[in-house]
Amino acid sequence: MAATILPFQSEIIFAALQVGDMAPVWALVVVASLGNTLGTYVNYWLGWQLETRGGHRWLKIPDETFAKARRWWDRWGYWTLLLSWLPIGDATTVLAGAMRTPLWLFTLLVGVTKTTRYIALALITAGIFG
């Protein structure tokens, strides 16, 4: 749930499991990263479906403007997926689906950022409570 557009904070559960020594830290990082990355597929799919149904036209974005935005996304925009670890970053995962970002590239960028996020959280939690 935490990786979708629904509000949910996985960090609290992650830190509680780590402090409670409920599982090895590496396992927490792997499961949280995988779950969070897979959760973003919901957003990607929503964006894909929205645009399949002409979403940019519903928003009254002219075809030429959308085509220009898509060219920009294909060149530079997909890098914003590296911000997908931020709460507002989930919007980029919806946009990636609408812009037809290749799934392998989406998975790579989102997976790296989500994994880095949980490694950092594990280190911070260990520093505070360790």
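Refer to the structure printed above.
Treat the numbers as computed from the prediction; the structure is a model and nothing was measured. (Residues numbered from 1 in each chain as written. Predicted model: local features only at pLDDT ≥ 70, side-chain atom pairs only at ≥ 80, totals over all residues. Heavy atoms only, no water.)

Would you take a moment to explain the packing of helix H2 (residues 25-52) against helix H6 (residues 103-129) for this structure?
Packed helix pairs are specified by the crossing angle of their axes together with the interaxial distance, meaning the distance between the axes. One can describe the packing of H2 onto H6 by two numbers: an axis separation of 9 Å at closest approach and a directional angle of 140°. Compared by their axis directions, H2 and H6 come out oblique. Taken as a pair, H2 and H6 cross one another with a handedness that is right-handed. Residues Val-25, Val-29, Ala-32, Ser-33, Asn-36, Thr-37, Thr-40, Tyr-41 and Tyr-44 of H2 pack against Leu-103, Phe-106, Thr-107, Val-110, Gly-111, Lys-114, Thr-115, Arg-117, Tyr-118, Ile-119 and Ala-122 of H6. (Axes fitted to C-alpha atoms, helices over the stretch in contact; angles between N-to-C directions. Helix = DSSP H or I, 4+ residues; strand = E, 2+ residues; numbered from the N terminus. Parallel < 35°, antiparallel > 145°, perpendicular 65-115°, else oblique. Left-handed = near helix turned anticlockwise from the far one by under 90°. Contact = heavy atoms within 4.5 Å.)

What should I look at first to understand unusual backbone geometry in this one?
The backbone of Asp-21 shows a phi angle near 50°, a positive value even though the residue is not glycine. Structurally, Asp-21 can be placed in the loop between helix H1 (10-19) and H2. What makes Asp-21 exposed here is its relative accessible area of 66%. (Buried < 20%, exposed > 50% of the residue type's maximum accessible area, 1.4 Å probe, protein only.)

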